[in-house]
Each structure stands twice: as C-alpha cells, then as structure tokens.
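# Summary of the model geometry
Spelled out from the first residue to the last, the chains are:
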Number of protein chains: 2
Amino acid sequence: MNPFVVIGGDAAGLSAASKLKREDPDREVVVFEKGRWVSYAHCGTPYFVKGEVESLVDLTSLSSDEIEERGIDLRREHEAVDVSTDEKTVTVRGPDGEFEQRYGDLLLATGARAAEPIEGGDLDNVFTLHGLDSAARIRALLEEPSEFTVESLGGGGYVDEDVVRYGDRTPPETVAVVGGGYVGVEMCEAFDAWDLDVHLFQRPDSLLPEFGGSVGERVEETLAEEGVEVHIGTEVEKLSGDGAVEEVVTSGGSVSVDAALVGVGVRPNVGPVENEVELGRSGAVAVDRYGRTSAENVYAAGDCAEARHVVTGESAWVPLGLTANRAGRAIGATVAGEHTPVGGVAGTAVVKAFDLECGRTGLVNEEEAREAGFEPVTVTVDTRSRSGYYPGAAETTVRLVADRGTGRLLGGSIVGEDRAAVRINTVATALESGMTVDEVERLDLGYAPPFSPVWDPVLVAAKVLNGKL
Amino acid sequence: MNPFVVIGGDAAGLSAASKLKREDPDREVVVFEKGRWVSYAHCGTPYFVKGEVESLVDLTSLSSDEIEERGIDLRREHEAVDVSTDEKTVTVRGPDGEFEQRYGDLLLATGARAAEPIEGGDLDNVFTLHGLDSAARIRALLEEPSEFTVESLGGGGYVDEDVVRYGDRTPPETVAVVGGGYVGVEMCEAFDAWDLDVHLFQRPDSLLPEFGGSVGERVEETLAEEGVEVHIGTEVEKLSGDGAVEEVVTSGGSVSVDAALVGVGVRPNVGPVENEVELGRSGAVAVDRYGRTSAENVYAAGDCAEARHVVTGESAWVPLGLTANRAGRAIGATVAGEHTPVGGVAGTAVVKAFDLECGRTGLVNEEEAREAGFEPVTVTVDTRSRSGYYPGAAETTVRLVADRGTGRLLGGSIVGEDRAAVRINTVATALESGMTVDEVERLDLGYAPPFSPVWDPVLVAAKVLNGKL
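Just so you know, these numbers come straight off a predicted model, no measurement behind them.

### Concerning the sheet that holds strand β14 (residues 247–250) of chain B
Residues and elements named next belong to chain B. Reading across from one edge, β13-β14-β15 is the order of the three strands in this open sheet, with antiparallel pairing throughout. At either margin of the open sheet sits one strand with a lone partner, and together these are β13 (236–240) and β15 (253–256). Neighbouring strand axes in the sheet, compared pairwise and without regard to direction, differ in orientation by 20° on average. Sheet topology places β13 next to β14; four bridges connect them, and they run antiparallel. Note that in β14 the partner of Lys238 across the bridge is Val249.

Right under this line is the structure:
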C-alpha cells in the first residue's frame, strides 16, 4: 500500500501520523517539514520571549527520538512545492534536490503564515512571531550581548545560526507592537518583562475585537496600568529607518522605536495545493466532517483548513491549537479505517493580558451573528468571581449573545482577574449542545464562596439576558 | 386575595418572596422565620470562623431595611409549628403567643438541620455548624477572652447573647472534627488558621466520599501536609467529659480534645408538614417541576425539598445553595402567574481544602450509577492544569463516569490546586444536555499555556474514557 504522506510536522501533521502508526503500525508514514522545528507549541512562544519559558526545547512536545520510536519517517527541511492529485504525488524539495513522493493518502497540514507585511516590514529589528526561529531571534535581541549565547536559548541543535546576529546587538529600549490581537497583547507583556517602553498600535477601535468590546476595554485599561502606551484606532502606515527600524509612521503621527513586532494576523498556507483542492470562502482548504478535501484520499487539518462552526453550522476558519491537534488525530484514525469526525469549532479562545484573563466563544459580535442569520440580543454584565464577602472577589464581566427568535445562546466572552478564562468553557459547552438561554440559566454550576458566588457569573448574565428576550 | 406565606427566611424563602413582590407588588407576602437571622450565606460560615470574613453581617445578603423596602412582611422569631392544608392555615408561635395565619399560597422553605447528634453531643464546647449563631459561638470560643467582645463579631444586634459565655472561655488547643464531608474539611482549615491541633475523624474509608476516591485521597494528603491528623475509617462512638468535652472515643482508641465540631450531615426540616404533604424517599418534601407539593397551593424549595436529578431523571435530595435560590425565585414567578420550572440538580458541588480545589457533579460513584440503572465505566486520569512548560502547571486529577451502553456521560470530579474547581462546570453543563463521552471529547474548549494544556484536563479524561467504552 502506498504511504500516508503528511505535509507539515506540527500539531495536526504529527497528531495524524502518530495516531495512524498506533492504529496501523505496518503502514508507512512519511512527514515532510520544511523547517527544522517539529511538534512545537506556537502558543508558548510569547512566554519564551518573555523568559518565563527558558528553553526552546521546552516548547516542543515530541523529540526526534520519540517521533522515530513511533515509526514515523520524518524529513526535516523538506518542502512540498507541488501536489498532483491526479498522479497522487507530492513534489518535494530537500537538501539533496527535488523528488517525487507517491502517496496513498495525503494530509495537508501546512499551517498558516504571517499576513502580508507592512511597508518597512523587512527592516532590521522588525519581527513577526511565527515559529520558533522568530521567537529565538527576538529573545536573542533582548538579551545583553555580553550574556548571550546560542546555547542559552536551548534549541538542541535546531536554532537558526542567524540568531547570533541578533544576540550581538544592543537590546532595544522602545518597541512597537503592531496589531492588538492575541499575539500583540501577549507580546506587550513579554516586552514589558524586559523593561522596554512598549507602544501598541491597533487599527480597529478595540483591542482583541473578536472578544467583544467589554473585553477590549478591560485589556486596554490593564495594559495602560502596566505602562504600555496603547494607540487605539491608529493605523500604522509604515515602518521606516536606515537599515534597522527607527520610526513607526501612523495615521496619528510618528513614534521613535528600536524594534517592532508585527502581529496583524495569519493566512492559511495553501500554496502547493491551491489548484488541486477546493478552497473555502476564507481561502483555507474546504473539508467535510472527516477532514476530507475535494480530492480523493486528500485530507487537510490545522491552520490551513476550515472546520464546521458549531453555532452557524457553516464552514469557518479558526486557526487554533486544539482544533489542529484534534483534527489531526481524527484523520489518523480515519485513514486507519475507523471513521472519526474531526469535530466542530466554536472559536473558543482564551488569552492572558498581564493579570487579566479573557475568554470568548461562539458569535460574540452582533454583526457576525446577523450575518449568520440570527437576530442577536446582547447583554454585558458586571459580576463578581466569588461571594462578595470572601477576600479576592474580582470584577468579572460577562457578555452573552442570544438569538431573539429561538432564545438560543450564540456566544459570549468573559474577562476578569480571578479564574475568568476557564469559565468560558461553560459557555462553549452550552453552545455545542445548542442550549437556550433559559437552559443555561438553570444550569447546576458549582458554588462555594472561594470560587464563585451563589449564581456563577455565567448564570447571572444568562438571567439578565433572559429578561431581555 | 389571601397572602403568599413563606415559612423560612433564608435563600429559598426570601428569593421567592422578593420575586413575587417584584412581579406582583400588590400581593401580600408574609415570611415567618423562627430565628433572628435571615438571608444569610450558610456556605460562608467556615470562613467567618476562620476569621477571613470579619463580620457576621457580611454573610447576610439582605438587610432588614432592604427586605422592608421590598414590601415583604418579615416576622423573625416566629416559628410555624403546624400547617393545615385543608383549612389553608399555618399555626405560628411568636414572641406574643400562638396564632393562625391563612394563606392563599404557601411556600415551605424550612431548610435542614444537623443530623442526629452523637452521644455526648450536648457537652460544652461541642458544636454543629448550622446557622450564624453556632458560627458566632465557635468564633467566640476561639478568640482570646481579653480581646473578645460581642461587637467584634459584627452581628448588627442579632447575635445570640449566649456567645458571651463562649467568649469568656480559654480558647481550646486541640479540636476534634467529626465527619469528613464539606463542612468537616472546611472547618479543619478554619481551626488550623487559629493554630489549633486538629483531629479529623471520618467513618467511611474516604474523605468527601461523594466526590469519589481520587478527590478524597488528594484532600487527605493535603490535610496531612497542613498538620491535620486525619483518622480515616474511624467511627466516633461518643464524646465524653465532665461538663465540657475532654475526649473523643473512637473505634480506634481515644483522643483528648478541648472542643469538637460535629458535621455528620443534615436532614430536611419537615416537622410542621410531615402529615400534610407527600414526602419523597429521601424524607424531604416531594415536588413537581414547578416546586408544587401534593397539597394544593403549597410549594416547597431549598434544603427541605427534593428536586429532579438531571442524570437519573428521578427525584433527589441535594441540599445546596444555588438550588435553593433558583427554586425560590422560580416559585415566586409561578405564584405571580408566570409558570417557571425550578430546574434540575446535577449535584454539582465545589469545595476548598487549604490550597486544593475540588469539584464534583452527577453520578461519581459506580454504585450510585448502577442503582440508577446504568452500567458505569470509570476512568481517573492525572493531567496538568497548564501547558507543561508553563510555570505553575499543577497536577489535576479528573474522574469521569459514563454508561457503557449509551456512551452517555454520567458524572465526574476534578481535584487540583490550579483552577480545578471551576472546571467542573464544563462537566455539569455536558450532563445537563445529556452529552455522550464522544461529544465531550470533541468540545472546543479554551487553550492558552497559562490556563490550560492544548487538551483541557476534561478533554484528556474524556479521550481516555472513550477508549474504554
């Protein structure tokens, strides 16, 4: 039988490869990864830059030895440059030249890349945070040259030697973060930990817009309290400088900086297959509930693929870690003969902004809900995280959105300093089963003074929302 | 119209009275409360004893003025001693003697009382923790006589003057806690905060047995680490002493103590109505989904009433705070003319044991599941609360129980030091909608390294359980 070929050696790809090998140990499995890093936690990179995670190797979940032990034929620095679904071949470019690889089943797990760079994005000391190499460069730049060594990054031989160039430079004093999404917000915290003056530029009128305004406002307040200069509604027109970046030119004036991090979103990597499989409206690969693309025996999973949204029932592109891991694992099982759905997405996401915890799930913004055919009704309610008399009760703001016609819960967000993020899972679980606000209001949630008021913050918001329906 | 009469001025009773007054301001509402305290947070009393909550008044959620402003006719120190559902009257004993009160609708919100006391339970310095008076006495005893004043308890005039007697005594050095349920575990922490030597006696072979063994073991370890002497599988035969308690006599020998807290569970208060309305198997008042008893226009809510269990569909008696508040509020709405279900119970509960957080919901023990007609399959899985590389990742043990035949999730428990308790709400929400383990495994829960691994602890356990089904 022809091998199971995987393009991309990160979450989706290696989950699929591992699962198939476990279920069908005799099947040949080949994974092509264009870089040197495999199986790493992208979401951990801000904390590596911050210095809270010491070593790059800590961010990898599988070592080479472990991958080898699983019987997976992993080829690093091998890029899939073309796919022919007629011939069932992949054209691969490796250190020893180009070759054709036949496949029996193919998984596209090519991930995403940083969105179009802005003008001046190629200046020195300008970074995107995509992959461990970029994380390594940024931390190399932040460390004092006298203390920097490649070994201090702990890359186990995989560190791009280019980082030495950054390690030798004088650390910046002022940094621009362009883009106030997850990465931008997390990187403000990371740079602040190195005592840099941090300027955050956000074009929309709110940080983390996909979390809804109530979260964005609290995050903005928190960043400001921590000393981050937040420029909301400010478009960065270009970065300028002579060699290295020196200035951020915005719609509201210019700011001098020594370094810049550009985090304005990601796009799916579909280059090698864009004419071979159907793409969805988002530009990512369209798949069915088993992760199958329009081409026979070709699957797609992770940041390059769409998934079914549990609220709208439509395809959506939500590039997040759990989705990638789960879809990869399911496809591994399916290829092994046990048909396993990849699961839906609710767009559940959590993010930390200094001491603030934020969570969101489903349809949080009314416009998005209306586009999906709902008539949204929204409440934003300030609650407390514990019984009011118990020390440490923290303001916790819950936003819930429901459909007026059916009373169905559509989504929500939560923000606060005390256990706010994990509380979003209650809402995510309710979405998955299509609960009405009435049903959510009657959920039997846990109550004890140190952890929650009698009415959990989610229940309080459901109660208020129910009154508006 | 005849008035809405409520027996019991705590969570269920005052929630119902307030809701009815809001919906139907002209209706006369009379609340009889046999004690002096109303609307207080029973669950907060261990933290008052501990000293973390300073004043008794902090534990009350409504003041007399607020209750009066709502137009509720509240009569403290009025005990309902008899009910005639034929005559639609309540016989009330108050400071000025006995009288008959007619009702149009009646709510039984009589709560629960401490279960049968053990031999020697009437000795001095032996307490149950039931209500603010007992909490006041215990804290009075713990305070140094030279520093004690009734005012320091902050009772706003409602403190039982009997506490002075305890305030004058020398504080104990060694205390016995009899019973290792919620109250027992919380009180170990409270006594430990006053530097007492604490002995905890538990007859069953596990602490918090309704949370399952995996939680009991972790709690036992934690209590031991904190210096509590835990006597598991040890039956307390009696307390003995001359006037005040001096010794705990157990199946495993005797221990000298200066004080004892007996927390061996509660029983529903149904005295005044036991021959007037149908009781359930538990001994609590049987109700339908609107909280209606077998007698016309008579409702029951809170710790004296049963409720429908969301997993078994059968009546269950789970005396907890949220259930009482919600049922009271629903009955207030129903009496006002808007039929509102009281909601089911999943038996969701959370408890803190020093730094350990515990949660449980649904059917956690296999025996209980078998009795309900299921074929239970159980897993207990050790997971981590955050990405392994992120500082502060804490061992989090998840137990999940499912039905082999249908794959339906039946219940679970979680224990750990990092945000473990609130995670039980994910499981509780899944129970409410009757999810299968398959569906739980595919939930889109939040992931970010500071809050959760890629696969949330609940998802990890569901994955393992699914493999066993």
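### Quick word on the domain arrangement of chain A
Residue and element names in this part refer to chain A. As assigned here, chain A comprises domain 1 (4–38 + 76–112 + 267–335), domain 2 (126–264) and domain 3 (355–468). Look at where the C-alpha atoms of domain 1 and domain 3 centre, and you get two points 35 Å apart. For the pair domain 1 and domain 3, the two sides together bury roughly 460 Å², of which 67% comes from carbon and sulfur. Of all residues in domain 1, Val310, Val311 and Thr312 bury the most surface against domain 3, accounting for 87% of the area lost on that side. Here domain 1 and domain 3 share zero salt bridges between them. Remark: the boundary between domain 1 and domain 3 carries two residue pairs in polar contact (both at pLDDT 80 or more). Across the side of domain 1 that touches domain 3, the residue classes break down as two nonpolar, two polar and no charged.

### Description of the environment of Trp317(B)
Residues and elements named next belong to chain B. Its place among the elements puts Trp317 in the loop between β20 (315–316) and α8 (321–335). Of the residues examined, Trp317 reaches a relative accessible area of 17% and is grouped as buried. Once the C-alpha coordinates of Trp317 and Glu441 are considered, the two residues, 124 residues apart in sequence, prove to be 30 Å apart. Residues contacting Trp317, with those up to four places away along its chain left out, are Ala112, Val266, Arg267, Pro268, Ser282, Ala284, Asp303, Cys304, Ala305 and Glu306.

### Some details on helix α8 (residues 321–335) of chain A
Residues and elements named next belong to chain A. For α8, spanning 15 residues, the distance from its first C-alpha to its last is 21 Å, which sits close to the expected 21 Å at 1.5 Å a residue. Across the 15 residues of α8, 14 count as buried, placing the element largely inside the fold. Following α8 by one or two positions, Gly337 adopts a phi angle in the positive range, close to 115°.

### A few points about the side chain of Asn425(B)
Its place among the elements puts Asn425(B) in helix α10 (residues 420–432). Those residues in contact with Asn425(B) that sit more than four places away from it in its chain are Thr426(A), Leu445(A), Gly446(A), Asp456(A) and Thr348(B).

### Section: the relation of the copies chain A and chain B
One copy of the chain maps onto the other through a rotation about an axis plus a displacement along that axis. Note on the copies: chain A fits chain B at an RMSD of 0.0 Å, the axial shift is 0.0 Å, and the rotation between them is 180°. Such values leave the two copies arranged in the relation of a two-fold axis. Residue Thr426(A) of chain A places its C-alpha closer to the rotation axis than any other residue of that unit, at 2.5 Å. The overlap is high: 100% of the interface residues of chain A also sit at the interface in chain B, so the same surface is used on both sides.

Definitions and cut-offs
- Residues numbered from 1 in each chain as written.
- Chains lettered and ligands numbered in written order.
- Predicted model: local features only at pLDDT ≥ 70, side-chain atom pairs only at ≥ 80, totals over all residues.
- Heavy atoms only, no water.
- Pairing = 2+ DSSP bridges.
- Helix = DSSP H or I, 4+ residues; strand = E, 2+ residues; numbered from the N terminus.
- Axes fitted to C-alpha atoms, helices over the stretch in contact; angles between N-to-C directions.
- Domains from an automatic or database assignment.
- Buried area = accessible area lost by both parts, 1.4 Å probe.
- Salt bridge = Lys/Arg side-chain N within 4 Å of Asp/Glu carboxyl O.
- Polar contact = N/O pair within 3.5 Å; in protein donor to acceptor, adjacent residues only side chain to side chain.
- Nonpolar A, V, L, I, M, F, W, Y, C, P; charged D, E, K, R; others polar.
- Buried < 20%, exposed > 50% of the residue type's maximum accessible area, 1.4 Å probe, protein only.
- Contact = heavy atoms within 4.5 Å.
- Expected span 1.5 Å × (residues − 1).
- Least-squares fit on C-alpha atoms with pLDDT ≥ 70 in both.

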